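# Summary of the model geometry
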Amino acid sequence: MARYLSRRIAGMAAVVLAVLTIAFFLVRLAPGDPAALMLGPDASPGEAAELRARLGLDRPIAAQYAAFVGNALRGDLGQSIFFNQPVAQVLASRAEPTALLALFSLVVALLVAVPTGIYAACRRGSWFDQAAVSTAMLAASVPSFWTGLMAQRWLATEYGWFPASGYGGPDSVLLERIGYLILPSLILGVVNSALILRFTRASMLDVLGEDYIRTARAKGMREARVVLRHGLRNAGIPIITVIGLTFALLVSGAVVTERVFNIPGMGNLVVSAVLRRDYPVIQGALIVVAVLYVGINLLTDLLYLLVDKRVRY
């Protein structure tokens, strides 16, 4: 295990270094003066020169790269031009809505997809199985922004069951803010449940035809125990894999939902940073998302041990 973890950590470090390199050259490869692009067309040459010196763009490229990587490894992601604050502080202030939205959406996706996929596999070829697969394909095909707008129009505005948008006021308690995330979490969870449902159904179908499943049934074991204890545990590795990928996508890909429901999360922040040409924020968000991706992938691999004791690293 220790040897495996050391190799994985080394691989994660290489991935993060590659992302740091991409983030570094993202600004330098842009046509024109990066400082002038950040400040906009109305900036004077003096303001561009001042920003260039503040960002270290007037130094040799090798020195800039070494300083950028060194600062990033220490947690210093630079200074936001628009907010005039450290990028790490700006991202941290927007992390809570995105993290809660991704977590709640994953819970909704699991509650919808896993039981439905298991039951559809047990009733293969039935009307429920056909309806579940068709609904999953429909949910994966419909754009999330359209689903969000329709839900916002009817469930929030017409019937008033949920808040239409926002994340509460500055003095709102956490429970009140969570209320604003219920509707977007339902939309995002249902949309992302399609892939989990299909993987759960396919994995269960592969397992339910094995000899040990027939042996367990021949011994008179209850069907629910056969399916859950012997079937689901042996089909768990592909399901955990797709759950980990879905969670990583939810953390980094909730941009559209946050824009539709005006949630002040990291996705909304990145879109605003692109419009404002706040490249340090874009670079910082790219690095944070990459670290989250490799961390979630490592956690997913370690969870294999919980469902299958035969796994050896």
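Residues numbered from 1 in each chain as written. Predicted model: local features only at pLDDT ≥ 70, side-chain atom pairs only at ≥ 80, totals over all residues. Heavy atoms only, no water.

## Description of the overall build of the chain
Here is the rule: Helical segments are the DSSP runs of H or I of at least four residues, strand segments are the runs of E of at least two, and each set is numbered from the N terminus. The buried label goes to any residue with under 20% of its type's maximum accessible area, the exposed label to any with over 50%, and the partly exposed label to all in between, with areas taken from a 1.4 Å probe on protein chains only. Here, residues are in contact when the closest pair of their heavy atoms is within 4.5 Å. Working definition of accessibility: Shrake-Rupley area with a 1.4 Å probe, residue cover restricted to the visible protein chains.
Secondary structure summary: the chain contains 15 helices and 0 strands in total. In the chain, which comprises 313 residues, the proportion classed as buried is 38%. Sequence separation of 24 or more characterises 71% of the internal contacts of the chain that already satisfy a separation of 6 or more. Of the accessible surface of the chain, which amounts to about 16800 Å², a share of 65% is contributed by carbon and sulfur atoms.

## Details of the nonpolar core
This is how it is decided: Only buried Ala, Val, Leu, Ile, Met, Phe, Trp, Tyr and Cys residues count toward a nonpolar core, and they belong to the same one when joined by side-chain atoms within 4.5 Å.
Formed by 38 residues in total, the largest nonpolar core has its most connected members in L183, I196, M204 and I243. Of all the elements in the fold, those that place two or more residues in this core are helix 6 (95-122), helix 7 (127-141), helix 8 (144-158), helix 9 (174-208), helix 10 (211-218), helix 11 (223-234) and helix 12 (236-252). The biggest single contributor to this core is helix 9, with 11 residues. Discounting residues that sit within four places of it in the chain, I196 has contacts with A109, L110, A113, V114, V242, I243 and T246.

## Quick notes on the packing of helix 9 against helix 12
Heads up, the condition is: Helix axes use the C-alpha atoms of the stretch in contact, all axes being lines fitted to C-alpha atoms, and the angles between their N-to-C directions lie in the range 0 to 180 degrees. Just so you know how the angles are binned, under 35 degrees is roughly parallel, over 145 roughly antiparallel, 65 to 115 roughly perpendicular, and the rest oblique. The sense of a crossing depends on the near helix, which, turned anticlockwise from the far helix by less than a right angle, makes the crossing left-handed and, turned clockwise, makes it right-handed. Under this grouping Gly is polar, as are all residues other than the nonpolar Ala, Val, Leu, Ile, Met, Phe, Trp, Tyr, Cys and Pro and the charged Asp, Glu, Lys and Arg.
Where helix 9 meets helix 12, the closest approach of the two axes is 9 Å, and the angle between their N-to-C directions is 165°. Taken together, the axes of helix 9 and helix 12 lie roughly antiparallel to each other. For the pair helix 9 and helix 12, the sense of crossing is right-handed. Touching L188, N192, L195, I196, F199, T200 and S203 of helix 9 are P238, I239, V242, I243, T246 and L250, all from helix 12. Within the contact of helix 9 with helix 12, the residues separate by chemical class into 9 nonpolar, 4 polar and no charged.

## A look at a nonpolar patch on the surface
Counted only if it meets this: Patch membership needs two things, relative accessible area over 30% and no salt bridge, and members are linked within 9 Å if like-charged or within 5 Å if nonpolar (Val, Leu, Ile, Met, Phe, Trp, Tyr). Note on definitions: salt bridges are taken to be side-chain nitrogens of Lys or Arg within 4 Å of carboxyl oxygens of Asp or Glu.
Taken together, the side chains of F145, W146, L149, M150, W154, Y159, W161 and V256 present a nonpolar region at the surface, about 860 Å² in accessible area. Among the elements that make up the nonpolar patch, the one with the highest residue count is helix 8 (5 residues). Within the element layout of this structure, F145 appears in helix 8. Among the residues examined, F145 registers a relative accessible area of 42% and is labelled partly exposed.

## Notes on the side chain of Q152
For the record, the criterion: In protein, a polar contact requires one atom able to donate a hydrogen and another able to accept it; more generally it is a pair of N or O atoms within 3.5 Å, and residues adjacent in sequence count only if both atoms are side-chain atoms.
Mapped onto the elements, Q152 comes out in helix 8. From its side chain, Q152 meets the backbone oxygen of V260 in a polar contact 3.2 Å long.

## Some details on the packing of aromatic side chains
Rule in force here: For this analysis, a ring pair means two rings from Phe, Tyr or Trp (six-membered ring only for Trp) whose centres lie within 6.5 Å, classed as stacked if their planes differ by under 30 degrees, edge-to-face if by over 60, and tilted for the remaining angles. Whether a charge sits over a ring depends on NZ of Lys or CZ of Arg being within 6 Å of the ring centre and within 35 degrees of the ring normal.
Taken as a whole, this structure holds 6 aromatic pairs when the rule is applied. Ring centres 5.3 Å apart and planes at 75° place the aromatic pair F24 and Y65 in the edge-to-face group. Of this pair, F24 sits in helix 1 (residues 2-28) while Y65 is found in helix 4 (residues 61-73), placing the two residues 41 residues apart along the sequence. Of the residues examined, Y65 reaches a relative accessible area of 25% and is grouped as partly exposed. Both rings, one in F25 and one in Y65, keep their centres 6.4 Å apart while their planes meet at 25°; by these two values the pair is stacked. With F25 in helix 1 and Y65 in helix 4, this residue pair connects regions lying 40 residues apart in the sequence. An aromatic cluster is defined as three or more aromatic residues linked by ring pairs; in this entry it consists of F24, F25, Y65 and F68. Against the face of W154 rests R153, its NZ or CZ located 4.7 Å from the ring centre.

## Structural notes on helix 4
Selection criterion: The span one expects for a helix is its residue count, reduced by one, times 1.5 Å. Note that the arc is computed from the directions linking the helix axis to the C-beta atoms.
The end-to-end C-alpha distance of helix 4 is 18 Å, a good match for the 18 Å that 13 residues give at a rise of 1.5 Å each. Every buried residue of helix 4 is listed here: Q64, F68, V69 and A72. For helix 4, the angular spread of buried residues about the axis comes to 125°, placing them on one side. What points out from helix 4, more than 90 degrees from its buried face, is the exposed set A62, A66 and L73.

## What to know about the layout of surface pockets
We apply this condition: Put simply, the grid is 1 Å and covers the protein atoms alone, a cavity is a trapped set of points that fit a 1.4 Å probe, a pocket is an open set with protein on both sides within 12 Å along at least five of seven lines, and lining residues have an atom within 4 Å of a point. Grid points are joined across faces, edges and corners, and a volume is the space filled by probe spheres set on the points.
Of the volumes computed, that of the second largest pocket is approximately 200 Å³. Lining the second largest pocket are 15 residues, with S252, M266, V270, A285 and V289 sitting closest to its centre. Counting only elements with at least two residues in the lining of the second largest pocket, the list comes to helix 12, helix 13 (255-260), helix 14 (266-276) and helix 15 (279-307). Among the elements that make up the lining of the second largest pocket, the one with the highest residue count is helix 15 (5 residues). When grouped by side-chain class, the residues that make up the lining of the second largest pocket number 11 nonpolar, 3 polar and 1 charged.

Note that every value here comes from positions in space, so none of it alone points to a role or purpose.
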